Each structure stands twice: as C-alpha cells, then as structure tokens.
Amino acid sequence: MITERYDEVKRRIAAACERVGRDPNEVTLVAVSKTKPEEDIMDLYRYGVRDFGENYIQELRTKHDDLPKDIRWHMIGHLQRNKVKYIADYVEMIHAVDTPELVATIEKEGTKHNRIIPVLIEVNVAGEESKFGVKPEDCEAFASTFSQYSHVSLQGLMTSAPFVENPEDNRAVFRELKQLMVDINHKNIDNVNMRVLSMGMTNDFEVAVEEGSTMVRVGTAIFGARNYNTSTQ
C-alpha cells in the first residue's frame, strides 16, 4: 500500500512536470517519515527509495542507527545549534538553515568530520509568525555570508508554504522563492550554488513542481496520517 501511494505521488509529479515542459527526473521526492515506524521506511527502501526526511533529531538518530547506511537522510525540521553534532557526519542535507550562528556551527561540525555539509536557507516567504525562516529581503545578504566557509555549502532555498484549502493559493509563494533563487544565482557568490528548490508538500506539491521545485517533501500522501504523540525533539 505504501509503495502504491509512493508511485501515485511520483505519477502526479510527472504529470505536473509534463504540464510545464519539465523533466520529472529534475524533481527529487523526499519521503517524510517523521513519526512513522521503521518497517514503513523499510517497505520503501526495499522498493528502491533512498531519500527520507525527518523533523526531529532524536528520531533521526535512532532511525539512522537502525536502518541501512545508504539511506540519504534529509533534516527538514528546525535545527537547534546544539543538535548539529549528532547528525553532522552523515546527514544528506539540512533544509532549514535560518541564522548565521547555525551556519557557523554546521561549519565547525563539518570541519570536525572533514566533510562539506549541504544546506538550504529556509525562507519565510509568506511571513507567517508561527514559522521559522529568513525574510525574502534578507536572503541575499544571508547567502553572501557563506563565502567565508569551506565545510558547509549553500545549495539552494527551502520554504514551507501556508496550509491552504486550495493549492493555487500558494502559487505566488513558490513563484517568489524561485525568482529569489534566480536573483541570488546571478550574484555569483562564492560557495553558493543555487540548484535546489525545496518546496511543496502533500497538499500543494503539484503547484510547487509547476513553479520550479526540484525537491518535494511528502509525508501524509505516502505514509498516511501521522501520530504526533510518538515523536520527540
């Protein structure tokens, strides 16, 4: 059942790409497995899926320890500086970087493990008070600070759009993030390679893909509804 739902999401991504003349291979589907049991992840793993997203450090650490080591783990939730050390040696990408202090910590941990850690700047495009992320107008200045680092690499931008009944209501949000990425790319900042747009979730990923998303984070449409009582930070 999980694999069937995964295939359906992939089909919808492909259809969205076809509508705007994109190659579906440009879009990475990250299966958001937060609060979901390891058996569900293994069902998808055996099916060939390798990109999984987690929101909570403790849950990510446990699953990383228990599950195959070739899984590409994406840290998609808000990350506290004192938790970076727990994932720095293996995390595929950190999606929600929003302060210079966090970047400095990631650089420090990357240096310790002699690896370059890919990250995305989280942008609060819609200006929601309940969400983290930098303001769009501050994003370019923040991106420019990455030029001083050698063990953290800025790979693009991420946003969590508002939860809306009509996905079309988020089209302007996704369009703005795409334009912001294009504008920053034109600046040719050292150590900044804007190639990833992480935007779109279960309720709006098709619109996000139509607007240029290269990475969608989908949980409920693949795994079903979540039980938030089981997760810990």
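Report on the accompanying structure. Just so we're clear, the structure is a prediction, and the values are computed from it rather than from any experiment.

### What to know about the overall build of the protein
The helix and strand inventory of the protein stands at eight helices and eight strands. Its C-alpha radius of gyration of 17 Å places the protein within 12% of the 17 Å reference for a compact globule of 233 residues. Considering only C-alpha atoms, the protein reaches an extent of 45 × 40 × 30 Å along its principal axes. Taken over 233 residues, the protein has a buried fraction of 55%. Counting only contacts in the protein whose residues sit at least 6 apart along the sequence, the fraction spanning at least 24 positions is 62%. Of the roughly 10,700 Å² of accessible surface on the protein, 45% is carried by carbon and sulfur atoms.

### Digging into helix 2 (residues 38-46)
Along helix 2, the positions that sit buried rather than exposed are Asp-40, Ile-41, Met-42, Leu-44 and Tyr-45. Turning to helix 2, the residues buried within the fold contact helix 1 (2-20), strand 1 (28-32), strand 2 (51-54), helix 3 (57-66), strand 3 (72-75) and helix 8 (220-223). Positive backbone phi, approximately 110°, marks Gly-48, located one or two places after helix 2.

### Looking at the environment of Pro-68
Residue placement: Pro-68 occurs in the loop between helix 3 and strand 3. Given the relative accessible area of 24%, Pro-68 is considered partly exposed. Residues Pro-68 and Val-196 lie 128 residues apart in sequence; the distance between their C-alpha atoms is 25 Å. Discounting residues that sit within four places of it in the chain, Pro-68 has contacts with Met-42 and Tyr-45.

### Here's the deal with the layout of surface pockets
One way to see where empty space is left: roll a probe the size of a water molecule over the atoms. In this structure, the largest pocket spans a volume of roughly 480 Å³. Together, 22 residues line the largest pocket, and Lys-34, Asn-55, Ser-160, Met-201 and Arg-217 are the ones closest to its centre. For the lining of the largest pocket, the class distribution of residues is nine nonpolar, eight polar and five charged.

### Thoughts on the pairing of strand 3
Relative to strand 3, strand 2 runs parallel, the two sharing four bridges. Looking at strand 3, one finds that Phe-52 is bridged to Trp-73. Of the crossover connections in this fold, the one passing from strand 2 over helix 3 to the parallel strand 3 is right-handed. Relative to strand 4 (residues 93-97), strand 3 runs parallel, the two sharing two bridges. In the sheet register, Met-75 faces strand 4, and the bridge partner there is Ile-94.

### Notes on the packing of aromatic side chains
The final tally for this structure, using the stated rule, is two aromatic pairs. Plain terms: the ring middles of Phe-52 and Trp-73 are 6.0 Å apart, the flat faces sit at 45° to each other, and that makes the pair tilted. Of this pair, Phe-52 sits in strand 2 while Trp-73 sits in strand 3, and the two are 21 residues apart along the sequence. Look at Trp-73 and you get buried, because its relative accessible area is 1%. Ring geometry for Phe-142 and Phe-146: centres 5.6 Å apart, planes at 55°, overall tilted. Its relative accessible area of 0% is what places Phe-146 among the buried residues. Cation over ring: Arg-50 sits above Tyr-45, and NZ or CZ is 3.6 Å from the ring centre.

### Some details on the pattern of salt bridges
In the structure shown here, the tally under the stated rule is 16 salt bridges. As a salt-bridge pair, Arg-19 and Glu-210 come within 2.7 Å of each other at their nearest N and O atoms. Of this pair, Arg-19 sits in helix 1 while Glu-210 sits in helix 7 (residues 205-210), and the two are 191 residues apart along the sequence. Residue Asp-70 is joined to Arg-50 by a salt bridge in which the shortest nitrogen-to-oxygen separation is 3.1 Å. Linking Asp-70 in the loop between helix 3 and strand 3 with Arg-50 in the loop between helix 2 and strand 2, this pair joins segments that are 20 residues apart in sequence. A relative accessible area of 40% means that Asp-70 is categorised as partly exposed. Counted as one network, the salt bridges with shared partners bring together Arg-19, Glu-168, Arg-171, Arg-175, Glu-210 and Glu-211.

### What about the environment of Asn-188?
As for its position among the elements, Asn-188 is in the loop between helix 6 (171-185) and strand 7 (192-198). For Asn-188, a relative accessible area of 65% translates into the label exposed. Considering only alpha carbons, one finds Asn-188 and Val-173, 15 residues apart in sequence, at a separation of 24 Å.

The rules we used
- The numbers attached to residues start from 1 for each chain and follow its sequence in the written order.
- pLDDT decides what is reported in this predicted model: residues at 70 or higher carry local features, side-chain atom pairs at 80 or more are listed and counted, and totals for whole chains, interfaces and linings draw on all residues regardless.
- The basis for every side-chain value is the complete set of non-hydrogen atoms in the structure, without hydrogens or water.
- Numbering goes from the N terminus for both helices and strands, where a helix is a DSSP run of H or I of at least four residues and a strand is a run of E of at least two.
- Our radius of gyration is a C-alpha quantity, and the globule rule it is checked against amounts to 2.2 Å times the number of residues to the power 0.38.
- Between buried and exposed lies partly exposed: a residue is buried under 20% and exposed over 50% of the maximum accessible area for its type, with that area taken using a 1.4 Å probe on protein chains only.
- Should any heavy atoms of two residues lie within 4.5 Å, those residues are counted as being in contact.
- Residue burial considers only the protein chains on display, and all accessible areas are found by Shrake-Rupley using a 1.4 Å probe.
- In this analysis, the protein atoms alone were mapped onto a 1 Å grid. Cavities are point sets where a 1.4 Å probe fits without being able to get out; pockets are open sets with protein on both sides within 12 Å along at least five of seven lines; lining residues have an atom within 4 Å of a point.
- Grid points are joined across faces, edges and corners, and a volume is the space filled by probe spheres set on the points.
- Note that Gly is not counted as nonpolar here; it falls among the polar residues with everything else outside the nonpolar set of Ala, Val, Leu, Ile, Met, Phe, Trp, Tyr, Cys and Pro and the charged set of Asp, Glu, Lys and Arg.
- Two strands pair under a simple rule: DSSP has to find at least two bridges between them.
- When the strands point away from the viewer, a crossover counts as right-handed if the path from the first strand over the helix to the second runs clockwise.
- Classification of ring pairs uses Phe, Tyr and Trp, with its six-membered ring standing for Trp, and accepts pairs whose centres are within 6.5 Å; under 30 degrees between planes counts as stacked, over 60 as edge-to-face, and the remaining range as tilted.
- Both a distance and an angle decide whether a charge sits over a ring: NZ of Lys or CZ of Arg must be within 6 Å of the ring centre and within 35 degrees of the ring normal.
- Here a salt bridge means any side-chain nitrogen of Lys or Arg lying within 4 Å of a carboxyl oxygen belonging to Asp or Glu.

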